[in-house]
Amino acid sequence: MKRDEPETKRDETAARDPAPDPAPDPVDARLGRRLAELRAERGWSLGELAERSGVSKSTLSRAERAETSATAALLNRLCHVYGRTMSQLLSEVEAAPAPVLRAAEQQVWEDRAAGFVRRSVSPPHGGLRGELVEGRLAAGADIAYDRPPVPGLEQHLWVLDGRLAVTAQEVEHLLDAGDCLRLRVWGPTRFRCAGPGEARYVLAVVRP
């Protein structure tokens, strides 16, 4: 009986002291720190940023502390407020990209809830205005952005596989593999996987 007592005590202690919360994802942590830095650089409170972005203070606070993974829609709103493209923002949480970026080194970001995977093929680089992104939308995925990150942003969208429906300026464009859509983004946009399978596309972005 005496030999069992230490194990019993340890079990009781474990029951009283639950396991600590798992550490945040490293990318979420770096992204949260950068979002907090951008807000601090402007001298804004969470309340001021909430008014400018239309995102609640609690959501902004949780994103900055990496207590939740930021969604594509949330990052789009914050990019609009901070005058950045999403690729610019994501590149700022990593080291400056080299002239040649190998496939294994390209940063991948995922919005699991929306079924969206984003690969930064050619991230922003000093002296260059363009960037290249590969997007993947799972079957049934539907993502809406209420504003562009930078008004007048030039985009060239080339569908590689599947079928994609893109709405811009209240017009829906149904794109099949091989089709390309060219536009400048001024207002809301919507990306919808319109086929039975995944849609994969390349997006070339040129800042005005």
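It should be emphasised that the depicted structure is a prediction, and the values quoted were computed from it without experimental measurement. (Residues numbered from 1 in each chain as written. Predicted model: local features only at pLDDT ≥ 70, side-chain atom pairs only at ≥ 80, totals over all residues. Heavy atoms only, no water.)

Novice: Give a detailed account of the overall build of the chain, specifying residues and quantitative values.
Specialist: Scanning the chain from terminus to terminus reveals six helices and 10 strands. Per-residue burial over the chain gives 39% buried out of 208 residues. Approximately 11900 Å² of the chain is accessible, and the part contributed by carbon and sulfur atoms is 51%. (Helix = DSSP H or I, 4+ residues; strand = E, 2+ residues; numbered from the N terminus. Buried < 20%, exposed > 50% of the residue type's maximum accessible area, 1.4 Å probe, protein only. Areas by Shrake-Rupley, 256 points an atom, 1.4 Å probe, with all protein chains shown as cover.)

Novice: Describe in detail the layout of surface pockets, supporting the description with residues and values.
Specialist: Volume-wise, the largest pocket comes out at about 170 Å³. Around the largest pocket sit D25, V27, D28, S69, A70, V108, W109, E110 and R112, which together line it. No other element matches the three residues that strand β1 (residues 108–111) contributes to the lining of the largest pocket. Taken together, the residues that form the lining of the largest pocket break down as four nonpolar, one polar and four charged. (1 Å grid on protein atoms, 1.4 Å probe; cavity = no way out; pocket = protein on both sides within 12 Å on 5 of 7 lines; lining within 4 Å. Points joined across faces, edges and corners; volume = space filled by probe spheres on them. Nonpolar A, V, L, I, M, F, W, Y, C, P; charged D, E, K, R; others polar.)

Novice: Any details on the nonpolar core? Residues and values, ideally.
Specialist: Grouped together as the largest cluster of nonpolar side chains are 45 residues, with contacts concentrated most on L75, L137, L157 and L164. Here this core takes seven residues from helix α5 (residues 72–82), the largest share from any one element. In contact with L157, other than residues within four places in its own chain, are L164, V166, L175, D179, C180, L181, F191, Y201, V202 and L203. (Core = buried A, V, L, I, M, F, W, Y, C linked by side-chain atoms within 4.5 Å. Contact = heavy atoms within 4.5 Å.)

Novice: An account of the sheet that holds strand β3 (residues 130–137) is requested, with residue identities and associated values reported.
Specialist: The strand order across the open sheet formed by six strands is β1-β2-β3-β10-β5-β8, and the pairing between neighbours is antiparallel. The sheet terminates laterally at β1 and β8 (180–185), the two strands that pair on one side only. The mean inter-strand angle of the sheet, taken between neighbouring strand axes irrespective of direction, is 20°. (Pairing = 2+ DSSP bridges. Axes fitted to C-alpha atoms, helices over the stretch in contact; angles between N-to-C directions.)

Novice: Can you lay out the sheet that holds strand β9 (residues 189–193) for me, pointing to particular residues and giving the numbers?
Specialist: Strand pairing in a sheet relies on backbone hydrogen bonds, with the paired strands running either antiparallel or parallel. Pairing is antiparallel in the open sheet, where four strands are placed in the order β4-β9-β6-β7. Since the sheet does not close on itself, it has two edges, and those belong to β4 (142–145) and β7 (171–175), each with one partner. When the angles between neighbouring strand axes are averaged without regard to direction, this sheet yields 15°. Relative to β9, β4 runs antiparallel, the two being bridged by four bridges. When the bridges of β9 are listed, Y145 appears paired with T189.

Novice: Give a description of the pattern of salt bridges that names residues and reports values.
Specialist: Here the idea is simple: oppositely charged side chains can pair when their charged atoms come close. Per the stated rule, a full pass over the model turns up 17 salt bridges. As a salt-bridge pair, E37 and R34 come within 3.1 Å of each other at their nearest N and O atoms. In this pair, E37 and R34 both sit in helix α2 (residues 26–41), three residues apart, roughly one turn of the helix. Residue E41 is joined to R34 by a salt bridge in which the shortest nitrogen-to-oxygen separation is 3.3 Å. The buried category is assigned to R34, whose relative accessible area is 13%. Among the charged side chains, a salt-bridge network with shared partners connects R119, E134, R136, D161, E198 and R200. (Salt bridge = Lys/Arg side-chain N within 4 Å of Asp/Glu carboxyl O.)

Novice: Describe the environment of K57, naming the residues involved and giving the relevant values.
Specialist: For K57, the position within the fold is in helix α4 (residues 57–64). Sequence-wise, K57 and G47 are 10 residues apart; in three dimensions their C-alpha atoms are separated by 6.0 Å. Contact partners of K57, with chain neighbours within four places excluded, come to L46, G47 and A50.

Novice: Describe empty space enclosed by the protein, and please don't skip the residues or the numbers.
Specialist: Scanning all chains against the criterion turns up one cavity of 30 Å³ or more. Considering only enclosed or pocket space, the largest cavity measures out at about 300 Å³ in volume. Along the walls of the largest cavity sit 22 residues, with N76, M86, Y145, Q155 and L203 positioned nearest its centre. For the lining of the largest cavity, the elements supplying multiple residues, two or more each, are α5, α6 (86–91), β2 (116–122), β3, β5 (153–161), β9 and β10 (199–206). The element contributing the most residues to the lining of the largest cavity is β10, with three residues. Its residues assigned to classes, the lining of the largest cavity shows 13 nonpolar, six polar and three charged.

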